[in-house]
Every structure is written in structure tokens, then in C-alpha cells.
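The residues making up each chain are set out below.
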Amino acid sequence: MLNKMTGVEKTGFILVLLMVLLQGVYGLFAYFDPTIFASLRGTELFSNMDADWVKIYGSRTLFITLILGYLLYTRNYLILMWSALFGLVMPITDGFLAFEAQAPIKVVLKHVATGVYLLVIFLVLKKVVAKKT
């Protein structure tokens, strides 16, 4: 028997899927064009020799993407819910670093929006988990 997804589960699934896809694109972009990616995130590379660190970021982002993708595939909403909440450390840190680097305000606001998005995912998945228990 197939389990039909509820409306809130579909919403959560789509929100996480969009996050997974975006993180995958970010991971690849960081790996293939570290200089532009660093600028996009609100910091600049002062030396092309530092591009290796951005590539390391990209490989770790791809690792996280694969884990989140697997959790979504297996519909492990409980772990995805906590991952969204714990993941807030990244946009908070990134936003602070962008602000410290005097990045344009739109870059800082993008990090704030990412944090809000993660909070929305947490809240939606919290409802999904509550309905499944």
C-alpha cells in the first residue's frame, strides 16, 4: 500500500528539495569558480592561492547535500527537521562574516533570508513529524 503525502508533508518535502538542490549548485559553483563564488557569498579572495579553501567548502557542501538528499529520499523528517534548526549556525555565521567584510547589504540580507527559510523548514517538518507520531 502506498502512503499518500499530506499537504504539509508535500510542502516540507518541496522546501527541503529546493534547499538540497540549491546547496548542490552552491557546492559545484564553489568548486568550479571559487573567486566568483566567494564574492557571491559576501567575501573576496585576496589571493587566488586561497581558492583551495573555497573548493574545500564546496566539497563539504556537496557532502552535506548528499546526506540531506538521502534523508529526504528516505523521508527521515525527524533528522531533517533538526538539521534545519542546527543548520542556522551557517547563515548566522555567514551573515556576520559578510557584514564584517562590508559586503553589500543585499548579501547580508540573503543570509538572513536563508536563516528564515531554515526556520520555516523546521516548523513545517515539526508539524509533519507530529502528525506521523
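See the structure above.
A brief structural summary.

Basis of the calculations
- Residues numbered from 1 in each chain as written.
- Predicted model: local features only at pLDDT ≥ 70, side-chain atom pairs only at ≥ 80, totals over all residues.
- Heavy atoms only, no water.
- Helix = DSSP H or I, 4+ residues; strand = E, 2+ residues; numbered from the N terminus.
- Buried < 20%, exposed > 50% of the residue type's maximum accessible area, 1.4 Å probe, protein only.
- Salt bridge = Lys/Arg side-chain N within 4 Å of Asp/Glu carboxyl O.

When you line up the elements, Leu18 lands in helix H1 (residues 7-32). Separated by 79 residues in the primary sequence, Leu18 and Leu97 have C-alpha atoms spaced 24 Å apart.

A word on unusual backbone geometry. Although it is not a glycine, Arg75 adopts a positive phi angle of roughly 55°. Counting through the fold element by element, Arg75 comes out in the loop between helix H3 (51-73) and helix H4 (77-86). Residue classification places Arg75 among the partly exposed residues on the basis of a relative accessible area of 40%. A positive phi angle is found at Gln102, which is not glycine, with a value near 60°. Among the secondary structure elements, Gln102 is positioned in the loop between helix H5 (89-100) and helix H6 (105-132).

Counted under the stated rule, the structure contains two salt bridges. Across the pair Glu9 and Arg75 runs a salt bridge whose closest N-O atoms are separated by 4.0 Å. On the criterion of sequence distance, the pair formed by Glu9 in helix H1 and Arg75 in the loop between H3 and H4 is long-range, its members being 66 residues apart. By relative accessible area, which is 4% here, Glu9 ends up buried. A salt bridge links Glu9 to Lys132; its shortest N-O distance comes to 3.2 Å. Here Glu9, found in helix H1, pairs with Lys132, found in helix H6; they are 123 residues apart in sequence, far enough to count as distant.

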